[in-house]
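What the coordinates show
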Amino acid sequence: MPAGRGRPLRAADMKKDVRILLVGEPRVGKTSLIMSLVSEEFPEEVPPRAEEITIPADVTPERVPTHIVDYSAMYHTVPFTCGIIGISFHETSSSQREAEQSDEQLHQEISQANVICIVYAVNNKHSIDKVTSRWIPLINERTDKDSRLPLILVGNKSDLVEYSSMETILPIMNQYTEIETCVECSAKNLKNISELFYYAQKAVLHPTGPLYCPEEKEMKPACIKALTRIFKISDQDNDGTLNDAELNFFQRICFNTPLAPQALEDVKNVVRKHISDGVADSGLTLKGFLFLHTLFIQRGRHETTWTVLRRFGYDDDLDLTPEYLFPLLKIPPDCTTELNHHAYLFLQSTFDKHDLDRDCALSPDELKDLFKVFPYIPWGPDVNNTVCTNEKGWITYQGFLSQWTLTTYLDVQRCLEYLGYLGYSILTEQESQASAITVTRDKKIDLQKKQTQRNVFRCNVIGTKNCGKSGVLQALLGRNLMRQKNIRDDHKSYYAINTVYVYGQEKYLLLHDISESEFLTEAEILCDVVCLVYDVSNPKSFEYCARIFKQHFMDSRIPCLIIAAKSDLHEVKQEYSISPTDFCRKHKMPPPQAFTCNTADAPSKDIFVKLTTMAMYPEDHYKDRLYRDMGNTDRIENLRKIWVFLKTAFHARLRCMCTCNRCTFCICQSFLNSDLLQSVKNKIFTAVLNRLRAQVAEWGAMLLADDEGSITHQVHAVSSVEDSIFMESSHGPLFLEARHVTQADLKSSTFWLRASFGATVFAVLGFAMYKALLKQR
């Protein structure tokens, strides 16, 4: 434990400023104390009263601005600034005399003060008597009993006597618990002036009231509870004691300096001397830990205890601060939250710490021990039906990590709170729990790059009531129908999460059971993949899946998979216009997946691998459905545009100028436009495009979408290339003079060029058709 004061407290954990009020009988030296502090010498002429003084933060030991108020009377004041330490204050005219104090102003100053110094003269018994007869009752009347202001008794003019007033003051301190301490000082010879205001500041920043009860001479329950949590967090091996390594770690994170081996032994010896069970197996027990802090408080070293408390996130009321529990974490739209590698390592060590019997599962007692650092039990009985458990129903290691993954994904603020209770930022020496969270990138970027960095995928399970959705959720946890029958209705969970391996990668699949409704909300639609479940034995079950798909997912990029649940039962015809198989074929979806959890062993996980794969690569499934809503007319129109584009690109340099109908080119052109050739061409197109329809449609969409870069914008417009034989070169004006094309020129150029192009096109289409047929086989 520390031998001195700890490191400076963080500004977020401290008050922004301290207001000190000095009260007392006239002529006890209140103003002299302030003037001596300001000028660092005793003033020859003391004004009747100094107005409010502000001490800058960089001057005070605790780095907090301090305001000192000398309350004596109402005066017209004159501003004055001391150049020694930059303290500004107001001074009254020396010709004014002390007047009677205004009770109304006094009460206002008391309500604004953080600490009150009651000044008396050690050589004036009347001023000492007034401490209990007037000032303490007056202050207590203006404050609540549960939030009494800390008081400092100040015995001034100690230079005038050779004895101490402490024998008279000690009974008063024992009588009034709100008195923090008593300081004897002298404004004339500057004795204990700085100490006086340090103790006043300390009484505000490190109050004794929340920690210690002087009447009982022991720490208050709230303080014991907070220190017990700190001990549990610091006991990293969960053996009930703090060994030397754990004590050194505790010392370093709280006070930025380790303890020497001899200092550790001295601390243990002090504990052994006072309590028998304070040290066990060379480690400090909880009783010994609490005793040390009681000793610090009793010896006026309560700033040590406050340093520890604030390092672990506590405020002046011994509550964990919102800044500690809920650090700032920005999450852009369409992004999700996951635990990173460091967080999983921390959770793994936490699990191992509390798995005392090393059975890779947490029993109810072990789980209760883990949650002792929480103000409440965070997990309900439904958790056992949300994650994997062993045969006894205890949460396994994998289930433990899955539950934390689920909490992070659904409610990251709750996850930050839980990690704060476990002391994540302290044990990992991070700034806050936010360092444990990874915010994934926008899903649109994943679709553009055709790869994802996510490890958690959400699947919404949609279907009618009693269609088998719960069976699908529990099957993800490896539970067959027999085990599912033991689940109580009040312990039912609408979530299930477990790991799934896709191409050797471990991913988390989160299933969410969506309640049956006519229309889904936006939150119920938001997911990575949709699982539509219908009961093969219920003829009315599939209609709901088809309706929900058409309403919400037919035009979206969210991949969908239809599950034919209860496949072990007799399948009946669904009361819908088309069968589920035809529905999937029509909308370019995978065929319905037969599924049953009525098995002897754990149900098959094939559908979960397929769902995770679809969630990881949604673009592949979207391409298959890219043109599903296009009518036949639209498809033919797109194909016609592609054909025109190819011919236009080929004749990019030529433009029709002739219609002689006698040259070889015109004769060939007439043949190309004949009904017989067009019929043969259409049949070939139909046969080929039936195999390559998806690829051609995709190429067409790409070509038509690229308006700026399209080749058709870079060539001359051709209205009817097939109907002409006279062409004009786009290379220059010389070719314009030769308007007529001879048969010899056509034979050597255009005709054979067209013929070679046609042969190339048919060869490419034939090879593509061969590849498609080979792939299908």
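Before any of the text, the structure's been laid out above.
How each quantity is defined
Residues numbered from 1 in each chain as written. Predicted model: local features only at pLDDT ≥ 70, side-chain atom pairs only at ≥ 80, totals over all residues. Heavy atoms only, no water. Pairing = 2+ DSSP bridges. Helix = DSSP H or I, 4+ residues; strand = E, 2+ residues; numbered from the N terminus. Disulfide = S-S within 2.5 Å. Expected span 1.5 Å × (residues − 1). Polar contact = N/O pair within 3.5 Å; in protein donor to acceptor, adjacent residues only side chain to side chain. Core = buried A, V, L, I, M, F, W, Y, C linked by side-chain atoms within 4.5 Å. Buried < 20%, exposed > 50% of the residue type's maximum accessible area, 1.4 Å probe, protein only. Contact = heavy atoms within 4.5 Å. Right-handed = clockwise from strand over helix to strand, strands pointing away.

**Overview of the sheet that holds strand β23 (residues 593-594)**
Taken in spatial order, the 6 strands make up an open sheet running β19-β20-β18-β21-β22-β23, and their pairing is mixed. In this open sheet, the two edge strands, each paired with only one partner strand, are β19 (495-502) and β23. Here strand β22 (residues 560-565) pairs with β23 via 2 bridges, running parallel. Looking across to β23, one finds that Ala564 is bridged to Ala594.

**Points about the state of the cysteines**
This structure, assessed with the given rule, holds 0 disulfides. Between Cys459, a free cysteine, and Cys531, which holds the nearest cysteine sulfur, the sulfur-to-sulfur gap is 4.9 Å.

**Some remarks on helix α7 (residues 244-255)**
In this model α7 runs 16 Å from its N-terminal to its C-terminal C-alpha over 12 residues, within 8% of the 16 Å that 1.5 Å per residue would give. Two or three places before Ala245, at the start of α7, stands the capping residue Asn243, its side-chain oxygen 3.2 Å from that residue's backbone nitrogen. Asn256 sits one or two residues past α7 and shows a positive phi near 65 degrees.

**A look at the nonpolar core**
Residues Ile230, Leu309, Phe312, Trp379, Phe400 and Trp404 are the most contacted members of the largest nonpolar core, which totals 76 residues. The residues touching Ile230, leaving out its near neighbours within four places in the chain, are Phe250, Phe289, Val308, Leu309, Phe312 and Tyr314. Core analysis: the next-biggest nonpolar cluster, separate from the first, contains 29 residues, Cys388, Phe457, Val500 and Ile563 among them.

**Re the side chain of Ser165**
For Ser165, the position within the fold is in the loop between β7 (151-156) and α4 (166-175). With a relative accessible area of 3%, Ser165 lands in the buried category. Among the polar contacts listed, one links the side chain of Ser165 to the side chain of Glu184, at a separation of 2.5 Å. The contact partners of Ser165, leaving out residues within four places of it in the chain, are Tyr120, Val122 and Glu184.

**Structural notes on the pairing of β22**
β22 sits mainly inside the fold: 6 of its 6 residues count as buried. Judged by which residues are buried, β22 turns out to be covered on both faces: Cys560, Ile562 and Ala564 on one side and Leu561, Ile563 and Ala565 on the other are all buried. Here strand β21 (residues 529-535) runs beside β22; their pairing, made up of 6 bridges, is parallel. From the neighbouring strand, Val533 faces β22, where its bridge partner is Ile563. With helix α21 (residues 541-553) bridging β21 and the parallel β22, this β-α-β connection has right-handed handedness. As a crossover connection, the stretch from β22 through helix α22 (residues 580-586) into β23 is right-handed.

**Remarks on the sheet that holds strand β11 (residues 241-242)**
Pairing is antiparallel across the open sheet formed by 3 strands, whose spatial order is β11-β13-β12. Strands at the two margins of the open sheet, each flanked by one partner only, are β11 and β12 (279-280). For β12 and strand β13 (residues 283-285), the ladder comprises 2 bridges, and the chain directions are antiparallel. For Ala280, the partnering residue across the bridge sits in β13 and is Gly283.

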